[in-house]
Amino acid sequence: MDPAHRTPPSGQAHVLIAVKELGRAKSRLAARLGPQERTALVLAMLRDTLTAAATASGIAEITVITPDPSVARVARECGAGHYADPAGEGGDRLNAVLRAAATHVRSTHGRGPIVALQGDLPCLRPGELTAALDAGARAPRSFVVDHHGTGTAALIVGDPRADLDPAFGPDSARRHRLSGAAELSGDWPGLRLDVDTAADLDAAVMLGPGPATAAELDRIGWPGVAGTARRIHRR
């Protein structure tokens, strides 16, 4: 992990963001975007996600888990740490590396709240993440369901004594619910809008993406995005 080890203030959360190798990222956009465009878009969305998370209240540290050097570079540029994930496939692999990273973070920074956050949330507002953390503090484990209603945008461990116990993968919202995590309600459209498909990107354009994503979509020429790089939407 790159940053100097330090104990976060009491009650401050450590955010974990897992990002796969760029060559395997966003395959469902392949019909609309080429490999280089998908790679640039993933990095842009990560920048916007990291920027929003870093300015949310209640966040002490952010660690990006990835085997990809380009992703690790963006993490460092945004002030986040890096946990080296050997390349792997599937939800079970993702859950294993999240558990390992959570254990590492707590062994070096102390036991505190943990958040496993998606890295493709280009419309995330800092206030949304702050509100979700406040709501999650009332339960040992909780989660925010994504805009499709089946996935998980964020898994929050509010109780320092509780383990992360991630269950990402297909139908993760149901799996987290069955694991005992409390489902959080809240008007957090940017937090819930993870991007995997062209329809998701269209929804992000309508909601208003962060500056890095907006600029990249403008460069690509994505429909309806012209001028969105100049929107001021963070609050």
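Residues numbered from 1 in each chain as written. Predicted model: local features only at pLDDT ≥ 70, side-chain atom pairs only at ≥ 80, totals over all residues. Heavy atoms only, no water.

A look at the layout of surface pockets
Left-over empty space is what a probe sized like a water molecule reveals as it rolls over the atoms.
At step 1: By volume, the largest pocket is sized at about 1200 Å³.
At step 2: As for the largest pocket, its lining consists of 42 residues, of which Lys20, Lys26, Leu94, Gln118 and Asp196 are closest to the centre.
At step 3: Broken down by secondary-structure element, the contributors of at least two residues to the lining of the largest pocket are strand 1 (13-18), helix 1 (35-54), helix 3 (90-109) and strand 4 (114-117).
At step 4: Per element, the largest residue contribution to the lining of the largest pocket is six residues, and it comes from helix 3.
At step 5: Looking at the lining of the largest pocket residue by residue, the class counts come to 16 nonpolar, 13 polar and 13 charged. (1 Å grid on protein atoms, 1.4 Å probe; cavity = no way out; pocket = protein on both sides within 12 Å on 5 of 7 lines; lining within 4 Å. Points joined across faces, edges and corners; volume = space filled by probe spheres on them. Helix = DSSP H or I, 4+ residues; strand = E, 2+ residues; numbered from the N terminus. Nonpolar A, V, L, I, M, F, W, Y, C, P; charged D, E, K, R; others polar.)

Section: the packing of aromatic side chains
At step 1: Here the structure, examined in full by the defined rule, presents zero aromatic pairs.
At step 2: The ring of Trp222 has Arg32 sitting right over it, with the charged end atom 4.2 Å from the ring centre. (Phe/Tyr/Trp six-rings, centres within 6.5 Å; stacked < 30°, edge-to-face > 60°. Lys NZ or Arg CZ within 6 Å of the ring centre and 35° of its normal.)

As for the sheet that holds strand 5 (residues 141-145)
At step 1: Read from one edge to the other, the open sheet built from seven strands follows the order 3-2-1-4-6-5-7, with strand pairing classed as mixed. Each edge of the sheet is formed by a strand with only one pairing partner; in this case those strands are strand 3 (81-84) and strand 7 (182-183).
At step 2: Bridge analysis of strand 1 against strand 4 gives three bridges, and the strand direction is parallel. Bridge pairing in strand 4 links His14 to Ile114.
At step 3: Each of strand 1, strand 2 (59-66) and strand 4 is contacted by helix 1, which is oriented at about 160° to strand 2, the strand it contacts most.
At step 4: Its contacts with the sheet place helix 4 (residues 126-136) against strand 1, strand 2, strand 4, strand 5 and strand 6 (152-157), and it is angled at close to 45° to strand 6. (Pairing = 2+ DSSP bridges. Contact = heavy atoms within 4.5 Å. Axes fitted to C-alpha atoms, helices over the stretch in contact; angles between N-to-C directions.)

No statement about biological role is implied by the geometric values presented.
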